[in-house]
Amino acid sequence: MNISFYLLPKNEVTHVQEEDTVSRALRLIHKNGFQAVPVIDKEGHYVGTVTEGDFLWNLIADYHMDMEAMRQTKVRSLRKRWNYKAVSIDAELSELDEYITNQNFVPVVDGRNVFIGIVTRKEVISELIASKRKKESKNG
């Protein structure tokens, strides 16, 4: 099955711009209660994912707990500990296996690498459970 069935579109996904300040991005993540969010550039291309841990480790190592430095620094300069790979909108569900087991979501891009949304682990698991129940009721 094509992953487009599971896509949560960009307009419903909390994401940050790589030009946002670190403090603005951190406020956005905190406000929405997420542990990780996609980062996109000015043209809308997916450039990575930033996590709460990235903010913490950069705050300690690079900014020496200096909140003013965070107000001046752009998200693009954060060192990221994890490489959240994106998949194409044309990908099949089986292509998510490697990613969805290690990430809460998988970023989805079009043929130009423009960010168009995410597929969440929760959605994939819910579909697998529903499929299993459907199978069991047929055999039942």
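Reading the values: the criteria
Residues numbered from 1 in each chain as written. Predicted model: local features only at pLDDT ≥ 70, side-chain atom pairs only at ≥ 80, totals over all residues. Heavy atoms only, no water. Helix = DSSP H or I, 4+ residues; strand = E, 2+ residues; numbered from the N terminus. Buried < 20%, exposed > 50% of the residue type's maximum accessible area, 1.4 Å probe, protein only. Contact = heavy atoms within 4.5 Å. Areas by Shrake-Rupley, 256 points an atom, 1.4 Å probe, with all protein chains shown as cover. Lys, Arg positive; Asp, Glu negative; His and termini not counted. Charge placed at Lys NZ, Arg CZ, Asp CG, Glu CD. Pairing = 2+ DSSP bridges. Axes fitted to C-alpha atoms, helices over the stretch in contact; angles between N-to-C directions. Phe/Tyr/Trp six-rings, centres within 6.5 Å; stacked < 30°, edge-to-face > 60°.

## Considering the overall build of the protein
Alright, step 1. When you go through the protein residue by residue, the secondary structure sums to five helices and seven strands.
Alright, step 2. Counting from the amino terminus, the protein carries its helices and strands in the arrangement β-β-α-β-β-α-α-β-α-β-β-α.
Alright, step 3. When its C-alpha atoms are laid out on the principal axes, the protein stretches across 60 × 30 × 25 Å.
Alright, step 4. By the burial criterion, 39% of the 140 residues in the protein qualify as buried.
Alright, step 5. At a minimum sequence separation of 6, the contacts of the protein that also span at least 24 residues come to 52%.
Alright, step 6. When the accessible surface of the protein is split by element, carbon and sulfur atoms take 50% of a total near 8600 Å².
Alright, step 7. Put simply, the protein has 20 plus and 20 minus side-chain charges, and the middle of one group is 4 Å from the middle of the other.

## Some words on the sheet that holds strand S6 (residues 105-109)
Alright, step 1. One open sheet holds the four strands; their spatial order is S1-S7-S6-S5, and the pairing between them is mixed. Across the chains shown, the open sheet's two edge strands, defined by having one partner strand only, are strand S1 (8-9) and strand S5 (87-88).
Alright, step 2. Note that S5 and S6 share two bridges and pair parallel. Bridging across to S6, Ser-88 finds its partner in Val-109.
Alright, step 3. Seen against the sheet, helix H5 (residues 121-139) touches S6 and strand S7 (115-120) and runs at an angle of roughly 50 degrees to S7.

## A short note on the sheet that holds strand S2 (residues 16-17)
Alright, step 1. One open sheet holds the three strands; their spatial order is S2-S3-S4, and the pairing between them is mixed. Looking along the sheet, the strands with just one partner apiece sit at the ends: S2 and strand S4 (46-51).
Alright, step 2. As paired elements, strand S3 (residues 36-40) and S4 share five bridges and run antiparallel to each other. Residue Pro-38 lies in a different strand from S4, and its bridge partner there is Thr-49.

## Considerations on unusual backbone geometry
Alright, step 1. A positive phi angle, close to 70 degrees, is found at Asn-113, a residue other than glycine.
Alright, step 2. Mapped onto the fold, Asn-113 is located in the loop between S6 and S7.
Alright, step 3. Taking the relative accessible area as the measure of exposure, Asn-113 reaches 33% and is therefore partly exposed.

## Description of the packing of aromatic side chains
Alright, step 1. Considering all chains together, one arrives at three aromatic pairs under this definition.
Alright, step 2. Seen from their ring centres, Phe-5 and Tyr-6 are 5.1 Å apart, and the 90 degrees between their planes marks the pair as edge-to-face.
Alright, step 3. Its relative accessible area of 53% is what places Phe-5 among the exposed residues.
Alright, step 4. The class for Tyr-6 is buried, based on a relative accessible area of 5%.

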